[in-house]
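Next come the chains, spelled out residue by residue.
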Amino acid sequence: MSVVDEIKERLDIVEVISSYVALKKAGRNYKGICPFHAEKTPSFVVFPDTQSWHCFGACGTGGDVFSFIERQENLDFAGALRLLARRAGVSLKPQTEANQAEDKLKKRLREINERAAEYFHNLLLNSIAGETARSYLAQREINRETINRFQLGYALDDWQALGDHLQGRGYQREDILAAGLIIEREDGSGHYDRFRGRLIVPIRDERGGVVGFGARALDDSTPKYINSPQTPVFDKSTILFGLDLAKGAIRREGLAVIVEGYMDVLMAHQHGIANLVASMGTALTETQLKLLKRFSQRFALALDADAAGHQATLRSMALAQETLAQRVVPVPTPRGLIKYESRLDVDIRIITLPQGQDPDKVIREDPALWARLVENALPIVEYYFEAITSELDLDSPKGKAEAVRRLMPIIQEIGNAVERTHYVQKLARLVRVDEKTLLDQAGVKSKRAKRHHEHGEEEEEAPPDREKFTFGLEEYCLSTLLERPHLLQGLDDALRDVGVDGLKADDFAQAENRAIFASWWESWGTKDLGDLREELDPALRPRFDLLLEGPRGAPPTNNDQAEEALIKGGLRLRQRKIQKLVEELRFLQADAGELGGAAIAEYGQMMNFYLSAKWRIDQALHANSFFGRSEANLRRTPGLVA
Ligand SMILES: [Zn+2]
């Protein structure tokens, strides 16, 4: 690659021009006031897709990043080259003999690859031995036009055929070795052809030069696919298969679709769908996306349904990364992808294919379905929301925790703060937890996970420790009621005084407390504590016993003290419950607002009802009217942990 190409590949014209001209986004392009003539309305346009600029005003100038810098900085080409090379971090080596030699080597390797491609192509079309490859292509429904367009070929099942052919045409053995087409025997006794008895797919760079080959086995040979090794002209992490033929369509449609295999690309072109490229058996790299960004800022990745399923069931992101890498899905990790998206300022979406389908098959059998799938591609984060939450029971605490654990790390990678907030809110609504809790928790969790990761430990939840039973507000109220059942009356009166129902089982958020209260309440006045205990589920009995013991170490209280504490405790329980309802209602309202639902008025009424009840409870709690005792005294009530 020439220095100029290298600079162009590394620099984004929008970024370069932005440092001289204030640009505003206008559709896919950018507009600004032309720096080369006087104007009041912007007619200077920068096109990221073509990496060019043009003034549609009086001066009518235009060009690429070099011509812009020449004009803007009043430099000649050599000056612009030095400036841009510095900016791109490309070193301008003086043309020494060494890099002249390297340039010449690359030129020879490309030429050898071109000759090899012609040789393989001719064998596919004309040789008797090529019949296996021809029938394979026929079976895959690849037609003659596609075979010619991609210059598909066939390598004879022979150890010397290609090497001999190229040497016979005057190419040096060292160069053929460097091109990766032949392999040196370990005992030094000669060399043999790398590709034998395989279907050959020439791999071209975006300018159409053959830089390497992909080869598919036509029998049970393993591996099924092999590629050229890394050579001075071939680095598969920087190349996208089919880009030379797809770039025009990608530019026109403003969308690049990235698939897994060559066959997908071949089939798409055959059906007139030309904006597809394939990553070649590796995770998609930032270099590849940068290359694509020169043609479009919108990308869609086709994932098979299997990959999505796998993704969702995987327990950790680290594992996901490994598995995806093994499965040769062109996705690094969701987090990596999101990083690319924000770093490169592009829009990456995910196309989910129906179970058991691949792009090749969908395009062949139902091109309209393909168009729909592309149309409905989801933004990455949305995709992971769907993949992950579809597997979880979001009504269960465990499912909620799992959703948060898996989605928060992804959300936290989003570069754009507005977007990040949007997804935090979305997750908050989904699991019915307020945003702040979510952020706090995620902060702590991710740090802990990191530590565990560093020590190579599996993150594990501690088993619930029955010994660590704490006496909170719920336990205090319940314990008091078990000990002094007659105090329920006073509490219910206090609740009704502020216009709400008497104490109910669902005032208890803790499930075991709720169950014990419900049993106690049903049998109120009919059973003694011993009978009640027998009736309880055995699992509840240890807690029941602890409740009967009361808060450990608490001094005895008299009846009045106990009643006041219970009333205040009960009011607070109700207040907590209403607070939770208010929060849930806010989420519902936000959802309704998003959907434009007609439920908004109804939600509004409910909200007013809750808020006024909450306000009356606040007033009662602050009135200090319960036997003239103050809030401060209550706080000192033995055993009460608010
Ligand atoms: Zn102008």
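These remarks concern the structure in this document. (Residues numbered from 1 in each chain as written. Predicted model: local features only at pLDDT ≥ 70, side-chain atom pairs only at ≥ 80, totals over all residues. Heavy atoms only, no water.)

### Digging into the packing of aromatic side chains
Applying the stated criterion to the full structure yields 19 aromatic pairs. When the ring of W53 is compared with that of F68, the centres are 5.7 Å apart and the planes differ by 85°; the resulting orientation is edge-to-face. Of the two residues, W53 sits in strand β4 (residues 52–55) while F68 sits in helix α3 (residues 65–72), which places them 15 residues apart along the sequence. An identical accessibility class is assigned to W53 and F68; each is buried. Between F150 and F241, the aromatic rings sit 5.9 Å apart at their centres with planes inclined by 25°, giving stacked as the arrangement. Remark: F241 occurs in the loop between β11 (225–227) and α10 (243–253) and F150 occurs in the loop between α7 (144–149) and β6 (153–155); sequence separation between them is 91 residues. On the basis of relative accessible area, F241 is assigned to the buried category, the value being 2%. Residue placement shows R71 over the ring face of F36; its charged tip is 5.8 Å from the ring centre. The ring of W159 has R196 sitting right over it, with the charged end atom 4.0 Å from the ring centre. (Phe/Tyr/Trp six-rings, centres within 6.5 Å; stacked < 30°, edge-to-face > 60°. Helix = DSSP H or I, 4+ residues; strand = E, 2+ residues; numbered from the N terminus. Buried < 20%, exposed > 50% of the residue type's maximum accessible area, 1.4 Å probe, protein only. Lys NZ or Arg CZ within 6 Å of the ring centre and 35° of its normal.)

### Digging into the coordination of the zinc ion
Listed as protein donors to the zinc ion are C34 (SG), H37 (ND1), C55 (SG) and C59 (SG); their distances from the metal cover 2.1 to 2.2 Å. Given four donor atoms and angles of 102 to 114° at the metal, the environment of the zinc ion is assigned as tetrahedral. Note on H37: relative accessible area 17%, which makes it buried. (Donors = N, O, S within 2.8 Å, 3.2 Å for Na, K, Ca; no water. Tetrahedral: all angles 85-135°; square planar, octahedral: opposite > 155°, others 65-115°.)

### Focus on a negative patch on the surface
A cluster of acidic side chains, namely D157, D158, D164, D219 and D220, defines a negative patch on the protein surface. Turning to its location among the elements, D220 is positioned in the loop between β10 (210–217) and β11. Classification of D220 by relative accessible area gives exposed; the value is 77%. (Patch = residues over 30% accessible without salt bridge, like charges linked within 9 Å, V, L, I, M, F, W, Y side chains within 5 Å. Areas by Shrake-Rupley, 256 points an atom, 1.4 Å probe, with all protein chains shown as cover. Salt bridge = Lys/Arg side-chain N within 4 Å of Asp/Glu carboxyl O. Lys, Arg positive; Asp, Glu negative; His and termini not counted. Charge placed at Lys NZ, Arg CZ, Asp CG, Glu CD.)

### With respect to α3
Every buried residue belonging to α3 is among V65, F66, F68 and I69, and all of these are buried. Buried residues in α3, looked at end-on, bunch into an arc of 160°, giving them a common side. Check the buried side of α3 and you find it contacts α1 (3–10), α2 (13–18), β3 (44–47), β4 and α4 (77–88). Where α3 begins, the capping side chain belongs to D64, and its oxygen is found 3.1 Å from the backbone nitrogen of F66. Just downstream of α3 lies N74, where phi reads positive at about 55°. (Arc of directions from axis to C-beta. Contact = heavy atoms within 4.5 Å. Polar contact = N/O pair within 3.5 Å; in protein donor to acceptor, adjacent residues only side chain to side chain.)

### Details of the pattern of salt bridges
Throughout the structure, instances matching the rule amount to 25 salt bridges. The partner of E141 in a salt bridge is R364, and the shortest N-O contact between them spans 3.9 Å. Of the two residues, E141 sits in the loop between α6 (131–139) and α7 while R364 sits in helix α16 (residues 359–365), which places them 223 residues apart along the sequence. Here R364 falls in the partly exposed class, since its relative accessible area comes to 23%.

### A look at the environment of A78
Looking at where A78 falls in the secondary structure, it is placed in helix α4. Residue A78 is classed as partly exposed on the basis of its relative accessible area, which comes to 36%. Sequence spacing of A78 and F66 is twelve residues, and the spatial spacing of their C-alpha atoms is 9.8 Å.

### Things to note about the packing of helix α19 (residues 397–411) against helix α20 (residues 417–431)
For the pair α19 and α20, the least separation of the axes is 11 Å and the interaxial angle reads 175°. Classed by the angle they form, the pair α19 and α20 counts as roughly antiparallel. Where α19 abuts α20, its residues K400, A403, V404, L407, M408 and I411 lie against R420, Y423, V424, L427 and V431. Of the residues in the contact of α19 with α20, the class split is nine nonpolar, no polar and two charged. (Axes fitted to C-alpha atoms, helices over the stretch in contact; angles between N-to-C directions. Parallel < 35°, antiparallel > 145°, perpendicular 65-115°, else oblique. Nonpolar A, V, L, I, M, F, W, Y, C, P; charged D, E, K, R; others polar.)

### Quick look at the side chain of R216
Here R216 lies in strand β10. Summary of buried charges: R216 has no salt-bridge partner, and the nearest side chain of opposite charge, D219, is 8.0 Å away. A polar contact is formed between the side chain of R216 and the side chain of Y136, at a distance of 2.9 Å. Other than its neighbours up to four places away in sequence, R216 contacts Y136, R140, R198, L199, K224 and Y225.

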